[in-house]
Structures are given as structure tokens and as C-alpha cells.
Amino acid sequence: MDHDEAREAKAHAVAVARTLAEGAVHSAAAEVSVAPLAVGLAPCPDGSYGIALRYRLGLPGVRSLAHQVAAEIGQVGKVVDLRRTGRIRALAGAGHRSGVGTDGPTVPGPRPPVVTAQALGETGRVRPLRPGVSIAHVDVTAGTLGAFVQVGGAVHALSNYHVLAGSPAARPGDLILQPGPADGGRAPADRVGTLAAAVPLAAGTTATVDAAIALLDDEYVDATYPVGRITTTARALGGELVAKIGRTTAVTSGRVTAIELDDVVVGYGEELGDLRFDDQIEIEGTGTAAFSRGGDSGSLVYREDGVALGLLFAGSELGGDNGRGLTYVNPIDAVLGALDATLLA
């Protein structure tokens, strides 16, 4: 199928999944009015597309439902890429205001960052600031500074909502620390800026981005690390080889395995619950390593040629060809548009 045909087939698959799931699955996902399946487009080796179906265990009957949907789509001649993901969670722990450490049976919180001593990336104090370092709101544990952007002529740091805000209680002007508190950052000594804006996340709503920016105290930054200045963006088409630099796993490589994924359900803990995201990008690690782990939230994902594709925000512990999990990424143009920002030129 070409791109347009695949989108039509995807819409049909979403309708089939929701019809089959209606009244059959009772779960946290059902409470936010979503089917327990994520549906998107899967790139094929010849440049065409199939239908990506993603399901997680732990929900009643979900495996059977996934195979029913796959069978129906396959009967009309559509290629189906069916994968189990496991539970998907935001990849940085919020602070006490967002219930970190609460891992209830239905709505576990964001995955806490890997402890400082085991992280491969930069968890110490770094000046000038550069992409890939530990950063967080004063009441959040630790995430990753993804990139530098300009808003209103001023330089800001770009990361996730759950890294730079962490809670609906956060307000513009709140302190941002580098490194994040989980890595030893303390106020006021490690202050690097203040929360400037965050795209709201709210229980029961559908989101497209998990994003926020911090106004920096010092505009002297190293925007060239680690692959040179990244100033252009593109929409993921599927199959791209990509990389990122994060606080936990440092530089890793991956491949885009699905695009335009709808009904991706991500765990945010007791305060926000399970949130649904549409139009997401999925990435699997290449080689034997995971593409991301807890604390890598906020990393900028870019193609081999240095073009930005997305902002990393969530992941699963299962899935992918290497079994090390799948990573979920907001399209970068949606992120920048929501924040009225541009990459630092």
C-alpha cells in the first residue's frame, strides 16, 4: 500500500479494534475511551506500508482481540505487523507531586530514572549546557535536555512536560536544575533556568506531545554536541535509522518501526493516570542494547544525517527485535508548533 492507501486501511483497523473491544475489555485504558490496541503504519522493505498493531499483556482478552483484528485486516490483503509491547510508561520519574514510587495495580507511574551510578550518559554538572545532560524541574527526579530552541528571541532548553514540569501544579518561574535532583542537583546552586511553558496533559484527554521548555539563565550553550548543530526537521516516514543522546543510555542507535500510531496508552501515575497519545513514532534499538531507558525522556531523536524527527518521551520493557523494548517519540514539528519554538540556528 502507498501512504494514502495505508491511512485508509489504518482508519478501518481502528474502527474494527474499537468495535471488537467495546464491552469486552475493562481496564484503565477503557477508562480513557481507547481500544487496548495501538494502530499505525508499518514501513515495508519495498517502501510501501502495512498496518502496525501493538498490544500489551495484562488486559483481559487483549491478545485474542489483537489476533482477531489482524485476521480481519489480513483477509482484505493488507500486510499486518503485529507486536506485543508490554506496558508503556513515561521514561522519567516525576517528583512527589506526581506520585513517584506509586506503582499500583492499574496505573503505575513513570519509570524512575536509572540510578546515577549505572547511567551511561552525563549525570554530573555540565557548563556550558549541552544536549543529553541530566535536567529536571526542582520537584522532579531526572530527565534529559533534548535540544535548544528559540522562543521570542530567547534561548530555551527543550524537554518533556514530565521532566520540566512534572505536575499540573507546576507554574512558570519554577526552578529548573542541572543536573536533576536524582543526580544530585540542588537549588539554588544548580539552577540553570525557570519553567517557561509546558503543553498541558490532563486525565481523560488525547494528547499528541509531552513537551515543555525552560528559559535559560545563561544563553551561552553548546548546541553542537554530539553531532553538530541540528537545525532542520522532517516528518518520519518509517524505516529511518536514527540516534539520540540521553542522560541514561548516552548515544544509542535505532530504527523507526511504526509511524502515525494512534491509541498509544502511556502510564503517568496516580495524578494523570493512563493517557492516550495519537500520531506517535515507534523506534526499536538496533544491535543488542535498548534504545532508551528511564531518564532518557526529553532526548531529541535525529536521523543519521542530523535532521530532527522527534522528542523521546516513553517506552516499554518488552518488544523489538532484540527484546529490549520499544521507544515512543512525539513528532518534532508537532512539539515545536505547540510551543511556538524553533530549533536554535
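Residues numbered from 1 in each chain as written. Predicted model: local features only at pLDDT ≥ 70, side-chain atom pairs only at ≥ 80, totals over all residues. Heavy atoms only, no water.

Engineer: What is the right way to look at the pattern of salt bridges in this model?
Structural biologist: Pairing of side chains with opposite charge becomes possible as their charged atoms draw close. Applying the stated criterion across every chain, the model contains 19 salt bridges. Two residues, Asp263 and Arg18, come together in a salt bridge whose shortest N-O distance is 2.8 Å. Of this pair, Asp263 sits in the loop between strand 14 (250-262) and strand 15 (264-267) while Arg18 is found in helix 1 (residues 3-21), placing the two residues 245 residues apart along the sequence. Looking at Arg18, the relative accessible area reads 34%, which means it is partly exposed. (Salt bridge = Lys/Arg side-chain N within 4 Å of Asp/Glu carboxyl O. Helix = DSSP H or I, 4+ residues; strand = E, 2+ residues; numbered from the N terminus. Buried < 20%, exposed > 50% of the residue type's maximum accessible area, 1.4 Å probe, protein only.)

Engineer: Which parts of the structure should I look at to understand the side chain of Ser316?
Structural biologist: Following the sequence through the fold, Ser316 ends up in strand 19 (residues 308-316). Looking at Ser316, its side chain comes within polar contact range of the main-chain oxygen of Thr85, at 3.0 Å. For Ser316, the side chain forms a polar contact with the main-chain oxygen of Leu318, separated by 2.6 Å. For Ser316, the residues in contact, after removing those within four places along its chain, are Thr85, Gly86, Arg87, Ile88, Arg111, Arg324, Gly325 and Leu326. (Polar contact = N/O pair within 3.5 Å; in protein donor to acceptor, adjacent residues only side chain to side chain. Contact = heavy atoms within 4.5 Å.)

Engineer: Hey, could you run me through the packing of aromatic side chains in this one?
Structural biologist: Think of a pair of aromatic rings as described by two things: how far the centres are apart, and how the planes are tilted against each other in angle. Evaluated as defined, the whole model comprises two aromatic pairs. Judged by centre distance (4.7 Å) and plane angle (45°), the rings of Phe277 and Phe313 are tilted. Taken together, the residues Phe277 in strand 16 (residues 274-277) and Phe313 in strand 19 connect sequence positions 36 residues apart. In terms of burial, Phe277 and Phe313 fall into one category: buried. Each member of the aromatic cluster is reached from another via a ring pair, and the members are Tyr268, Phe277 and Phe313. Between the NZ or CZ atom of Arg130 and the centre of the ring of Tyr225, over which it lies, the distance is 4.3 Å. Across from the ring centre of Phe291, 5.6 Å away, lies the NZ or CZ of Lys244, which sits over that ring. (Phe/Tyr/Trp six-rings, centres within 6.5 Å; stacked < 30°, edge-to-face > 60°. Lys NZ or Arg CZ within 6 Å of the ring centre and 35° of its normal.)

Engineer: What's the story with the confidence of the model for the protein chain in this structure? I'm lost.
Structural biologist: For residues with low pLDDT, the predicted coordinates do not support detailed interpretation. Averaged over all residues, the pLDDT of the protein chain equals 90, while 91% of them reach at least 70. Taken as a whole, residues 25-34 scores under 50 in pLDDT and shows 19 contacts with residues more than four places along the chain or in a different chain. Between residues 96-106, whose pLDDT stays under 50, and residues either more than four places distant or in other chains, the model counts 26 contacts. (pLDDT = per-residue confidence, 0-100.)

Engineer: Mind showing me how you'd approach the pairing of strand 20 (residues 326-331) here?
Structural biologist: Burial within strand 20 is extensive, with six of its six residues counted as buried. Note that strand 17 (residues 280-285) and strand 20 share four bridges and pair antiparallel. Paired with Ile283 across the strands is Thr327, a residue of strand 20. Relative to strand 20, strand 19 runs antiparallel, the two being bridged by five bridges. (Pairing = 2+ DSSP bridges.)

Engineer: I'm lost on the sheet that holds strand 12 (residues 212-216) in this one. Help?
Structural biologist: In a beta sheet, neighbouring strands are held together by backbone hydrogen bonds and run either parallel or antiparallel to one another. A sheet is described by the order of its strands in space; here eight strands give the open sequence 6-5-9-10-12-8-7-21, paired in antiparallel fashion. Edge positions in the sheet fall to strand 6 (143-144) and strand 21 (342-343), since each has one partner strand and no second. For strand 10 (residues 191-198) and strand 12, the ladder comprises five bridges, and the chain directions are antiparallel. What sits directly across from Ala198, in strand 12, is Ala212.

Engineer: Which parts of the structure should I look at to understand the environment of Glu282?
Structural biologist: Topologically, Glu282 is positioned in strand 17. Of the residues examined, Glu282 reaches a relative accessible area of 0% and is grouped as buried. Note: C-alpha distance between Glu282 and Gly238 (44 residues apart in sequence) is 9.0 Å. Polar side-chain contacts of Glu282 include one of 2.8 Å to the side chain of Arg54. Of note is the side chain of Glu282, whose polar atom sits 2.9 Å from the side chain of Tyr328.

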